[in-house]
Number of protein chains: 2
Amino acid sequence: MDEPRYVVGVDFGTESGRAVLIDVADGHELASEVYKYSNGVIDERLPAPDSDVVLGPDWALQDPNDYIETFKHTVPAVLARAGIDPSTVIGIGIDFTACTMLPTRADGTPLCMLPEYRRQPHAWVKLWKHHAAQPEADDINRVAMEMGEAWPARYGGKISSEWFFPKSLQILREAPEVYRAADRLIEAADWVVWQLTGVETRNNCTAGYKAIWSAEDGFPQRAFFAALDPGFADVVDEKLSRSIVNIGECAGRLTSEAAAWTGLPAGIAVAVANVDAHVSAPASTVTETGTLVAIMGTSTCHIVLSDSAPVIPGACGVVRDGVIPGLFGYEAGQSAVGDIFGWFVEHCVPPIYHDRARERGVTVHEILEEEAAALVPGQSGLLAIDWWNGNRSVLVDADLSGLLMGMTLATTAPEIYRALIEATAFGTRMIIDAFDKGGVRIDRVVACGGLPERNQLLMQIYADITGRTFRIAASAQTPALGSAMFAAVAAGEAAGGYASIEEAARKMARLRDEAYRPIAANHRVYDELYGEYVRVHDLFGRGGDPAVKTLRRLRREILEAAGPLHSGADPVVAERDREATPAGGARP
Amino acid sequence: MDEPRYVVGVDFGTESGRAVLIDVADGHELASEVYKYSNGVIDERLPAPDSDVVLGPDWALQDPNDYIETFKHTVPAVLARAGIDPSTVIGIGIDFTACTMLPTRADGTPLCMLPEYRRQPHAWVKLWKHHAAQPEADDINRVAMEMGEAWPARYGGKISSEWFFPKSLQILREAPEVYRAADRLIEAADWVVWQLTGVETRNNCTAGYKAIWSAEDGFPQRAFFAALDPGFADVVDEKLSRSIVNIGECAGRLTSEAAAWTGLPAGIAVAVANVDAHVSAPASTVTETGTLVAIMGTSTCHIVLSDSAPVIPGACGVVRDGVIPGLFGYEAGQSAVGDIFGWFVEHCVPPIYHDRARERGVTVHEILEEEAAALVPGQSGLLAIDWWNGNRSVLVDADLSGLLMGMTLATTAPEIYRALIEATAFGTRMIIDAFDKGGVRIDRVVACGGLPERNQLLMQIYADITGRTFRIAASAQTPALGSAMFAAVAAGEAAGGYASIEEAARKMARLRDEAYRPIAANHRVYDELYGEYVRVHDLFGRGGDPAVKTLRRLRREILEAAGPLHSGADPVVAERDREATPAGGARP
C-alpha cells in the first residue's frame with residue numbers, strides 16, 4: 001500500500017462510547033475520542049421529563065439516542081484531530097457490551113423513541129447488567145432441563161439473566177403491549193450497525209454467546225419457547241431472524257445519513273457487529289489456539305480459541321466462528337476482579353494509607369501495591385476465595401460470597417490486598433485448569449484491559465500462580481482497535497484492507513515488549529497455596545459445606561422480611577430477591 | 001458494725017498497679033490510684049543502665065521493684081484522698097497477673113536486684129506473656145503424654161508456655177547458673193505478699209491454675225520432672241514448697257517496713273495472694289454454681305463454679321477451692337476479643353468512619369457500634385471465626401487464625417465489625433455449651449472488665465447469641481475490689497471483716513441494674529448462624545480441613561527461611577518460630 005488507509009473502530013461501553021482512528025498498515029492509533037452517554041446507565045428512574053417513572057431493583061436501561069450521539073461526537077472529532085483526508089478511511093467497525101438489547105419497529109425505530117412508549121421502561125434498551133429478568137432466566141434453565149435440551153451443555157449448564165431470551169421474555173410477561181408492538185428485538189450492537197447501513201443484520205457472536213444460537217443447531221426449537229409461554233413460541237421468527245452473519249464480514253455500506261453524522265465517506269464498508277471482549281482477542285494478536293486472552297478490568301472475561309469444542313465445565317459459552325472464523329471460541333469469566341480491589345480500598349483501608357497516597361500524589365492502590373510487593377508468597381498466612389460477586393467460571397453460581405482466612409492480630413491491609421490479588425489469580429488458574437483438563441490446551445496468556453496496564457505486581461502474581469507467561473496487549477483500547485481491524489477486513493484487500501482477521505492481526509495488533517514470566521520459587525509456594533484454594537473453593541462452592549450458601553439464604557430471607565428498604569443495596573442479593581417477587585420489576 | 005472499717009485491694013496488672021480503698025460494710029469505693037510501672041513490660045532490652053542487653057523474641061519481663069513502688073505510690077494516695085483514719089483499715093489483699101514468676105534468694109531478694117545477676121535476663125520477673133518458653137511447654141506436654149500423666153486432663157490436655165514450669169525449665173536450660181542461684185522460684189503474687197508479711201506463702205490459685213498442683217495429688221511426681229531434665233527432678237522441693245495456702249486465708253500480718261511503705265497500720269491482716277481473673281468472680285457477686293463470670297477485655301477469661309469436676313474439653317484448668325472455698329473453680333478463655341475489635345479499627349476501617357468519629361468527638365468504635373446496631377442478625381450475610389490469636393477454649397490451639405466469609409461488593413466496615421462481635425459471642429457460646437455438655441450447668445452470665453462497661457450492642461449480641469441473660473458487675477475495678485474483699489475475709493469477723501468470701505460478696509459486691517436479656521427473634525436467627533459457626537469451627541479447628549493450619553505452617557516456613565528480619569512481628573508466629581531455634585531466647 002503506497003497511499004495511507006485508515007479505519008475507524010467504535011467501542012460502545014457501559015458509560016460511554018469511544019472512537020479510534022487507526023492506520024490500516026500498522027495499527028497505529030492516530031486519535032481517539034470518548035463520548036459520555038448523556039443518559040448514562042438508567043437504573044433508578046427514566047430520564048427527564050419522565051423521571052417520575054421509577055425503575056424496580058436490578059433494572060439497568062440505556063437510551064439508544066446516546067449511541068447515535070456517540071457517532072456524531074466522536075468520529076468527526078478523531079478525523080479532525082488526526083487531520084487526515086476522510087476519503088482515506090475505508091471502513092468502520094463497532095463493538096458493544098452484550099447482551100444489550102432493545103425492541104424496535106420494523107424500520108429500526110426504537111420503541112422508546114415513540115411518544116406512546118416513552119414512559120414504558122420495557123421500551124428502552126436493556127443494558128447487559130439489567131438483572132431483573134432473573135425469574136425468566138430461572139424458568140428458561142428449568143424448562144431446558146425438564147425438556148432435556150442439548151444447548152445448556154454449550155453454556156456451562158445454564159444461562160444468566162443478562163442474556164437475550166430472559167430479557168425478551170421479561171418484556172412479554174411484564175409489558176405484553178410492548179412485546180406486541182416490537183416488530184424486532186435486537187442486540188444494540190446490531191442496531192447501531194443497522195443505523196449505519198440501513199440494513200438489519202444479526203452477528204453470530206452475540207447470537208452464539210447470548211441468544212442460544214449455533215451454526216449447527218440454530219436457535220432452540222419452537223416447542224421450547226412455547227413451553228415458556230405460548231405467546232413466546234414464535235419469538236425467533238416474529239422478532240429475531242434466522243439469518244445470522246459471521247463476524248469478519250461486511251454488514252453493508254455507510255448510508256449518506258450516517259456519513260453526515262460521522263464525516264466519513266458514504267459507501268465505505270461497515271463491519272458486522274461484534275462484542276467488546278471477543279473483539280479484544282485479535283486486537284491482542286491472538287487468532288490461534290493455545291493462548292488465553294484475559295480482558296481484565298472490574299471483572300475479567302477470558303477468550304480461548306480451539307479447533308474442537310469439548311464441554312468445559314463452567315465456560316460461559318462456546319461458539320464456532322464466534323471470535324475467529326474457523327475456530328471455536330470459548331468464553332469464560334470471573335465476575336469480580338478489579339471490583340474486589342476497589343471494594344477493599346473503599347471499605348477496608350485505614351487512613352494511614354490514604355494519607356500516604358495523598359502526600360505522594362498517587363492512588364491508594366499504588367501504596368498498597370508497593371507494600372504488598374515487599375511480601376513474599378505465603379508470608380501473610382492469608383488465603384482468600386474471590387467470590388465477592390459470586391463465581392461465573394467454573395461454578396456458574398451467583399449465590400456465592402467471598403472468604404478470607406488466616407488473619408492474626410498482626411495482619412495488615414497490604415497483606416489482605418495481596419491475598420485478594422492472589423485469590424483472583426487462583427480463580428484464573430482454576431479456569432485454565434478447567435480448559436486443560438477438558439482438552440483445550442493453554443500455554444500462555446495475553447492480558448488486556450485496565451488492570452494489566454497499571455499493575456505490575458498483579459501481573460507477576462498471575463504469572464507466578466498460573467505458571468504461565470503473561471504478555472500484555474500494546475493497545476490501551478483493544479476493543480476499539482479490534483473493531484477497526486474488523487473494519488479493515490470488511491473493507492477487504494481490494495479497498496486497501498485485509499483478506500482476513502488473522503492477517504489484520506499480524507499487521508495491526510501488537511504486544512508490549514515486557515513479559516511476566518513465572519518465578520520458580522514463587523510458583524512452588526503458590527502451588528501449595530493453590531492446593532488449599534482448590535480444596536476450600538470446592539468445599540464451599542460444590543456443596544461440601546453449605547455455610548456460604550446458608551449465609552446468603554439467611555441474608556435474603558431477612559432482607560425480604562424487612563421489606564423494600566434494603567433492596568438494591570447489593571446487586572447480587574437484589575437479583576435473588578427478585579425471585580420471590582416476580583410481579584416486581586418495572587413500577588411505572 | 002458501728003464504726004467504719006476499710007480494706008485495701010491492690011491489683012497488679014500488665015502495665016500498672018492499682019489500689020482501691022473500700023468500705024467493708026457495703027463495698028463502696030472511696031478512692032483509687034494507679035501507678036504506671038516505671039519499667040513497664042520489658043520486652044526488647046533490659047532497663048538502663050543495662051540496655052545493651054537485648055532480649056530474644058517473645059520475651060516479656062518486669063522489674064519487681066515496680067511492685068514495691070506500686071504500694072508506695074498508691075496506698076498512701078488512696079488513704080489521703082479518702083481522708084480516713086488509717087487505723088480504720090483492717091486488711092490488705094492483692095491480686096496479680098499469672099503466671100508471673102521470679103527467682104529469689106532464700107530471704108526473698110529477687111536475683112535481678114543483685115549486681116551479679118542484674119544483666120542476666122533470666123534473673124528478672126517473667127511476665128505472664130513471656131512466651132519464650134514454648135519449647136519447654138512442648139517438652140512438658142510431650143513427656144506428660146509419654147508417661148501417661150493424669151494431670152493434663154485437668155488442663156484441657158496441655159499447658160501453655162505461660163505457665164510456671166515451662167518458665168522455670170527455661171531458666172534451668174538457658175541460664176543454669178541463675179537456676180542454681182535461685183533458692184526460690186515464686187509467683188510474683190506470692191512474692192509481693194511475702195514482701196508485705198515477711199512470710200513466704202504459696203496460694204492455691206496460682207499453684208492450681210499455673211503450676212500443675214492439686215489438693216488431691218499435689219505436684220507432678222519427681223520422675224516426671226526428672227524425665228524433663230535430671231537437674232529439674234527436685235524443682236518442687238528445692239525451689240517451691242509443698243505447703244500451699246488456700247485463698248481466703250490470712251497470709252500474715254503487715255510488717256513495719258510494709259506499714260511504712262503504705263501508711264497502713266502494722267499488724268493488719270494480709271490476704272493470701274490471688275489472681276486478677278479469679279478474684280473477679282466474687283467481686284461480681286458470683287460465689288455459687290450456675291453462673292459464668294466473663295472477664296472481658298482484650299481477651300476474655302471465664303470462671304465457672306461447680307460442685308463436681310467433670311472433664312470439660314478445652315477448659316484451661318479446674319482447681320478445688322481455687323476461686324471459692326468448697327467449690328471447684330473452672331477457668332476457660334478466649335485468647336482475643338477486644339483485641340480483634342482493636343485490630344479491626346487499626347487495620348481495616350476506612351477514613352470516613354475516622355472522620356465521623358473526629359467530628360463528633362467519639363471513638364471509631366462508637367461510630368461502628370452505632371451503625372452496626374442498625375443491622376439485624378443475619379442481614380450482613382457475614383460469618384467470622386474468632387481465631388485472630390488462636391483458640392484457647394475449646395480447642396487449646398494457638399496455631400489457628402481468623403476467618404471471615406460472606407463478603408460481597410456491598411459489604412461495609414460496620415457489617416464486618418458486627419460480624420467480629422458476633423464471632424466472639426459464638427466463641428463464648430461454644431464454651432458455655434462445652435460446660436453444659438460436660439455436666440456443669442450455666443444459667444446466666446455476669447460480665448465484668450472493660451468491654452461490657454462501654455459496649456451495649458456487644459452485650460445484647462452476647463445475650464442474643466448465648467440465649468442467656470447477661471448482667472454487668474457494678475464495679476469498674478472488679479479485681480481490686482475482689483482483693484479488698486479477700487482482705488476483709490483475711491481480717492475476719494472479729495476485726496470487723498467477714499467470716500467468708502460468700503458473706504463478703506453478699507455485702508460488698510453488686511451488679512448494675514440493667515440486664516441484657518435475649519431477644520427471641522434475634523436468638524432464633526443466631527441459632528441458625530451458630531450452627532454454621534460450629535460446623536465451620538469444627539471443620540477447620542478439629543482437622544476436617546487443614547487449610548488454616550497449612551497457611552500457618554507455610555507462613556512459618558517462609559519467615560524462617562527469610563531469617564530474623566521478620567521475627568517478632570506477630571507474637572503467635574514468633575512463638576512458633578522459637579521452636580526451631582531452641583538455643584534462642586535471651587541474647588545477653
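Being a predicted model, the structure only gives us computed values, none of them experimental.

Student: Can you walk me through the overall build of chain A in this structure?
Tutor: Summing up its helical and strand segments, chain A has 21 helices and 20 strands in all. Taken over the C-alpha trace, chain A has a radius of gyration of 23 Å; the compact-globule value for 588 residues is 25 Å, and the two agree within 12%. Expressed as lengths along the three principal axes of its C-alpha atoms, the size of chain A is roughly 65 × 60 × 50 Å. A sequence separation of at least 24 residues applies to 72% of the contacts in chain A between residues at least 6 apart.

Student: I tried to follow the sheet that holds strand β19 (residues 469–473) of chain B on my own but got confused; where do I start?
Tutor: Strand pairs in the sheet, formed through backbone hydrogen bonds, run parallel or antiparallel to each other. All names here are of chain B. With respect to topology, seven strands assemble into an open sheet ordered β14-β15-β13-β12-β18-β19-β20, the strand pairing being mixed. Each end of this open sheet is capped by a strand with a single partner; those strands are β14 (317–320) and β20 (511–516). Put simply, the sheet's adjacent strands are angled 25° from each other on average, direction ignored. As judged from the seven bridges shared by strand β13 (residues 300–306) and strand β15 (residues 328–334), these two strands associate in the antiparallel manner. Bridge pairing links His 302 to Ala 332 in β15.

Student: Hey, could you run me through the interface of chain A and chain B in this one?
Tutor: How big an interface is tends to be stated in terms of the accessible area lost upon association of its parts. Tallying the contact residues gives 60 residues for chain A and 60 residues for chain B. Roughly 4800 Å² is buried in total at the junction of chain A and chain B, and carbon and sulfur atoms are behind 65% of that figure. On the chain A side of the interface with chain B, the three residues burying the most area are Met 407, Leu 409 and Leu 551 of chain A, jointly 15% of the side's total. Scanning the region where chain A abuts chain B turns up four salt bridges. Where chain A packs against chain B, one counts 19 residue pairs in polar contact (both at pLDDT 80 or more). Contributions of two or more residues to the side of chain A that touches chain B are made by α11 (338–348), α12 (351–360), β17 (402–407), α14 (413–438), α19 (520–541) and α20 (547–562) of chain A.

Student: So what exactly am I meant to see when it comes to the nonpolar core here?
Tutor: Burial of nonpolar side chains together is a common tendency in soluble globular proteins. Counting 160 residues, the largest nonpolar core has Phe 344, Met 405 and Phe 540 of chain A together with Phe 344, Met 405 and Phe 540 of chain B as the members making the most contacts within it. Apart from the residues within four sequence positions on either side, Phe 540 of chain A is in contact with Trp 387, Leu 400, Leu 403, Asp 545, Ala 547 and Val 548 of chain A together with Met 405, Val 536, Leu 539 and Phe 540 of chain B.

Student: What's the story with helix α20 (residues 547–562) of chain B in this structure? I'm lost.
Tutor: Working note: α-helix, 3.6 residues per turn, so residues spaced by three or four point in the same direction. Relative to the 22 Å expected for 16 residues at 1.5 Å per residue, α20 of chain B spans 22 Å between its end C-alpha atoms, a close match to the ideal helical length. Every buried residue of α20 of chain B is listed here: Ala 547, Val 548, Thr 550, Leu 551, Arg 552, Leu 554, Arg 555, Arg 556, Ile 558 and Leu 559 of chain B.

Student: Would you mind showing me how to read unusual backbone geometry here?
Tutor: What is expected of a backbone is that most residues other than glycine have negative phi and most peptide bonds are trans. Looking along the chain, the bond that leaves Ala 98 of chain A and enters Cys 99 of chain A is cis, with omega of -10°. Of note, Cys 99 of chain A is situated in the loop between β5 (89–96) and β6 (101–104). In this structure, Asp 321 of chain A takes a positive phi of about 65° despite not being glycine. Turning to its location among the elements, Asp 321 of chain A is positioned in the loop between β14 (317–320) and β15 (328–334). Notably, Val 396 of chain B is not glycine yet its phi reads approximately 50°, a positive angle. Take Val 396 of chain B: it is sitting in the loop between β16 (383–385) and β17 (402–407). Here Val 396 of chain B falls in the buried class, since its relative accessible area comes to 19%.

Student: When you look at helix α14 (residues 413–438) of chain B in this model, what are you seeing that I'm missing?
Tutor: Helix length check: α14 of chain B (26 residues) gives 38 Å between terminal C-alpha atoms against 38 Å at 1.5 Å per residue, within 8%. In terms of burial, α14 of chain B is largely enclosed, as 23 of its 26 residues are buried.

Student: Help me understand the packing of aromatic side chains, please; the structure alone is not making it clear to me.
Tutor: Enumeration over the complete set of coordinates arrives at 51 aromatic pairs over all chains. The interplanar angle of 85° and the centroid separation of 5.7 Å between the aromatic rings of Phe 164 of chain A and Phe 165 of chain A together place this pair among those described as edge-to-face. Both residues of the pair, Phe 164 of chain A and Phe 165 of chain A, belong to the buried class. Both rings, one in Phe 540 of chain A and one in Phe 540 of chain B, keep their centres 6.1 Å apart while their planes meet at 35°; by these two values the pair is tilted. Taken together, the positions of Phe 540 of chain A in helix α19 and Phe 540 of chain B in helix α19 (residues 520–541) put the pair across two chains. In textbook terms, an aromatic cluster arises when at least three aromatic residues are bridged by ring pairs, as seen for Trp 151, Tyr 155, Trp 163, Phe 164, Phe 165, Tyr 179, Phe 219, Phe 224, Phe 225 and Phe 232 of chain A. Here Lys 239 of chain A stacks its cationic end above the ring of Tyr 179 of chain A, 4.6 Å away from the centre of that ring.

Student: Please explain the environment of Met 296 of chain B as it appears in this structure.
Tutor: Residues and elements named next belong to chain B. Summarising the element assignment, Met 296 is placed in strand β12 (residues 290–296). In this structure the C-alpha to C-alpha distance between Met 296 and Ala 277, which are 19 residues apart in sequence, comes to 9.7 Å. In this structure Met 296 touches Ala 447, Cys 448, Gly 449, Gly 450, Leu 451, Pro 452, Leu 458, Met 459 and Tyr 462, once residues within four positions along its chain are discounted.

Student: When you look at the pairing of β19 of chain B in this model, what are you seeing that I'm missing?
Tutor: Moving residue by residue along a regular strand, the side chains alternate between the two faces of the sheet. Residues and elements named next belong to chain B. Looking at chain direction, strand β18 (residues 442–448) and β19 are connected through four bridges and run parallel. The residue of β19 that forms the bridge with Val 445 is Phe 470. Relative to β20, β19 is paired through three bridges, and the arrangement is antiparallel. In the strand pairing of β20, Ala 473 is matched with Leu 511.

Student: Is there a simple way to think about the side chain of His 302 of chain B in this case?
Tutor: Residues and elements named next belong to chain B. Secondary-structure assignment places His 302 in strand β13. Residue classification places His 302 among the buried residues on the basis of a relative accessible area of 0%. Separated by 3.4 Å, the side chains of His 302 and Gln 334 make a polar contact. In this view, His 302 contacts Leu 292, Val 293, Ala 294, Tyr 330, Glu 331, Ala 332, Gly 333, Gln 334, Thr 428 and Ile 431; residues no more than four positions away in its chain are not counted.

Student: How should the pattern of salt bridges be read in this particular structure?
Tutor: Opposite charge on two side chains lets them pair, provided their charged atoms get close. In total, this model carries 62 salt bridges over all chains according to the counting rule given. In this structure, Glu 136 of chain A and Arg 173 of chain A form a salt bridge, with 3.5 Å as the shortest nitrogen-oxygen distance. Taken together, the residues span a long stretch of sequence, with Glu 136 of chain A in helix α2 (residues 134–146) and Arg 173 of chain A in helix α3 (residues 164–174) at a distance of 37 residues. Under the relative-accessibility criterion, Arg 173 of chain A is labelled partly exposed at 33%. For Arg 356 of chain B, the salt bridge identified is with Glu 371 of chain B, shortest N-O distance 2.2 Å. Taken as a pair, Arg 356 of chain B in helix α12 (residues 351–360) and Glu 371 of chain B in helix α13 (residues 364–373) lie far apart in primary sequence, 15 residues in all. When salt bridges that share partners are traced, they join Glu 136, Asp 139, Arg 142, Glu 146 and Arg 173 of chain A into one network.

Rules behind the numbers
- Residues numbered from 1 in each chain as written.
- Chains lettered and ligands numbered in written order.
- Predicted model: local features only at pLDDT ≥ 70, side-chain atom pairs only at ≥ 80, totals over all residues.
- Heavy atoms only, no water.
- Helix = DSSP H or I, 4+ residues; strand = E, 2+ residues; numbered from the N terminus.
- Rg over C-alpha atoms; globule rule 2.2 N^0.38 Å.
- Contact = heavy atoms within 4.5 Å.
- Pairing = 2+ DSSP bridges.
- Axes fitted to C-alpha atoms, helices over the stretch in contact; angles between N-to-C directions.
- Buried area = accessible area lost by both parts, 1.4 Å probe.
- Salt bridge = Lys/Arg side-chain N within 4 Å of Asp/Glu carboxyl O.
- Polar contact = N/O pair within 3.5 Å; in protein donor to acceptor, adjacent residues only side chain to side chain.
- Core = buried A, V, L, I, M, F, W, Y, C linked by side-chain atoms within 4.5 Å.
- Buried < 20%, exposed > 50% of the residue type's maximum accessible area, 1.4 Å probe, protein only.
- Expected span 1.5 Å × (residues − 1).
- Phe/Tyr/Trp six-rings, centres within 6.5 Å; stacked < 30°, edge-to-face > 60°.
- Lys NZ or Arg CZ within 6 Å of the ring centre and 35° of its normal.

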